[in-house]
Amino acid sequence: MTRKRVQGTLYLPATESALELAAGIIARGGLVAFPTETVYGLGAGATDEQAVARIFQAKGRPPDNPLIVHIASLEQLSLVAREIPREAYRLAELFWPGPLSLVLYRSQQIPPGVSAGLPTVAVRMPNHPVALGLIKKAGVPIAAPSANRSGRPSPTSAFHVLEDLAGRIEAVLDGGRSLIGVESTVLDLTASQPTLLRPGGVTRERLEAALGRQVVLPRWDGTSPPPSPGMKYRHYAPRAPLIVVVGSEARRHRLARSLLSWYERQGLKVGYLNPLRNFRGSLDKREKAFARSLYAALRAMDKGGADLIVAEGFPACGWGAVIMNRLCKAASRVIRVV
Ligand code: TXA
Ligand code: MG
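All residue numbers refer to positions counted from 1 along the written sequence of the respective chain. Here every chain gets a letter starting at A, and every ligand a number starting at 1, in the order they are written. Where totals are concerned, whole chains, interfaces and linings use all residues; where local detail is concerned, this predicted model gives features only for residues with pLDDT of at least 70, and gives and counts side-chain atom pairs only at 80 or more. Side-chain metrics rest on all non-hydrogen atoms present in the structure, leaving aside hydrogens and water.

Participant: Can you break down the sheet that holds strand β13 (residues 242-246) residue by residue, with the values?
Facilitator: Following DSSP output, two strands are said to pair if at least two bridges run between them. Numbering goes from the N terminus for both helices and strands, where a helix is a DSSP run of H or I of at least four residues and a strand is a run of E of at least two. The strand order across the open sheet formed by four strands is β14-β15-β13-β16, and the pairing between neighbours is parallel. A single partner strand is all that each edge strand has here, and the edge strands are β14 (270-273) and β16 (333-336). On average, each strand axis in the sheet is inclined to that of its neighbour by 20 degrees, with strand direction left out of account. Two elements, β13 and β16, share four bridges in a ladder whose sense is parallel. Bridge pairing links valine 244 to valine 334 in β16. The contact criterion used throughout is that any non-hydrogen atoms of two residues lie within 4.5 Å. The axes used here are C-alpha line fits, helices contributing only the stretch in contact, and every angle between their N-to-C directions lies in the interval 0 to 180 degrees. Here helix α9 (residues 283-303) sits on the sheet and contacts β14 and β15 (308-312); the angle it forms with β14, its principal contact strand, is near 180 degrees. In this fold helix α10 (residues 319-330) packs onto β13, β15 and β16, with an angle of close to 135 degrees to the strand it touches most, β13.

Participant: Quick rundown of the packing of helix α6 (residues 158-165) against α9? Include the residues and the values.
Facilitator: Running from N to C, α6 and α9 point in directions that differ by 50 degrees, and their axes come no closer than 12 Å. As far as their axial angle goes, α9 and α6 are oblique. Crossing angle aside, the handedness with which α6 passes α9 is left-handed. Here Phe159, His160, Glu163 and Asp164 of α6 come into contact with α9, specifically with Ala296, Arg299 and Lys303. Angles are sorted into four bins: roughly parallel if under 35 degrees, roughly antiparallel if over 145, roughly perpendicular if 65 to 115, and oblique for all others. In this scheme the handedness of a crossing depends on how the near helix is turned from the far one: anticlockwise by less than a right angle means left-handed, clockwise means right-handed.

Participant: Can you explain the site of ligand 1? Please cite residues and give values.
Facilitator: The criterion for a residue being near a molecule or strand is simple. One of its heavy atoms has to lie within 4 Å of it. Residues in close proximity to ligand 1 total 27 residues, the closest being Thr38, Asn65, His70, Ser184 and Ser228. Polar contacts here mean pairs of N or O atoms no more than 3.5 Å apart (in protein, one a potential hydrogen donor and the other a potential acceptor; neighbouring residues in sequence count only if both atoms are side-chain atoms). In this structure, arginine 61 approaches ligand 1 through a side-chain N or O atom, which is 2.8 Å from an oxygen atom. Surface exposure here means Shrake-Rupley accessible area, sampled with a 1.4 Å probe, where a residue is shielded only by the protein chains that are shown. Starting from 680 Å² of accessible surface for ligand 1 in isolation, the protein chains cover 96%. Breaking the shell around ligand 1 down by element, the ones donating at least two residues are β5 (68-70), β8 (120-124) and β12 (195-198). For the shell around ligand 1, the residue count by class is 14 nonpolar, nine polar and four charged. In this count, Pro and Cys sit with the nonpolar residues alongside Ala, Val, Leu, Ile, Met, Phe, Trp and Tyr, while Asp, Glu, Lys and Arg are called charged and the others, Gly among them, polar.

Participant: Tell me about the domain arrangement of the protein, and please be specific about residues and values.
Facilitator: An automatic or database domain assignment supplies the residue ranges for each domain. Each assigned domain of the protein is listed with its residue range as follows: domain 1 (4-186) and domain 2 (242-336). Here the C-alpha centre of domain 2 lies 29 Å away from the C-alpha centre of domain 1. The interface of domain 1 with domain 2 comprises 19 residues on the first partner and twelve residues on the second. Reported buried area values correspond to the accessible surface (1.4 Å probe) lost by two parts on association, with both partners' losses combined. Both faces combined, the contact of domain 1 with domain 2 buries some 1,200 Å², and carbon together with sulfur accounts for 50% of it. A carboxyl oxygen of Asp or Glu within 4 Å of a side-chain nitrogen of Lys or Arg is what we treat as a salt bridge. The interface formed by domain 1 and domain 2 holds five salt bridges in total. Applying the counting criterion to the domain 1 and domain 2 interface returns seven residue pairs in polar contact (both at pLDDT 80 or more). When grouped by side-chain class, the residues that make up the side of domain 1 that touches domain 2 number seven nonpolar, seven polar and five charged.

And the structure:
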């Protein structure tokens, strides 16, 4: 087995024996980053309060932002959550393993620290053989946020994980690039109506079709405690300021191009993200391809020394809604052209 260390963190190509080793690290209270189909996660045993506390330290994560618990079987769902509604099983049947996290009532076995003290817990079954293999071998559900330093773009490769967390975690399992590239959908099933706390890999439209009822967006005025703690933090952000331009395609394109050349004339190095023009195929295909490469592109622009990034927005439905959510959260400014 290749056993390379980067600043003390074990780098492990995801072989069977590497999974054994990583599961042992989890069992001893260590932190292991692992691939999922969405982004890489930073895992600890979900029932190990001290290990979970170390996740927050390693990421520099605000203590009031809860983690997602990852499971490998439906039996583990009843270990993590209680009073599970029928709709949860229906969605699990349709979308698990997959990019959907369900917020349910937390069971006694899961320490409050996992949920930052909330009575609820987010659970998902990831659709990735390495993630599932690790959970099975560890024999416990694994609590894992995205494996980035807090506020940075989520990692879609083991290399990104090492960029942010080398020397701060025990190991990273390399399972190649994440196929989806943006985080899971977070759906709250403890509210009176199913509530979309974060758009993601399973779109709102598909959830509504599956449930046969409306999925609502959370109401939050920006002052009271938010429905999902993650909503109040700037996220996914590159170091360079990001300007997002939205509006009809022709107009936003014109404005984005003129911003780009204006800033370049000032001698600035400007990154440009033009989602729809850089990819081929149907809108859905282009959106998915853009989502897959978005975080890697933001990281690459930072590394290339960009002073500023200009991105063109999307129509906010289907995958467009997922992308716009991430772009707007990463943005220092959103300009609307009408
Ligand atoms: O795709 C994903 O979801 C990835 C992979 C690793 O599974 N994980 C991920 O975790 O993106 P994280 O910690 O970066 O984002 C979790 C989000 C946060 O916005 C958090 O506030 C929300 O889920 N969340 C977690 N538990 C919650 C709860 N009990 N109630 C409301 N929101 C919750
Ligand atoms: Mg995250």
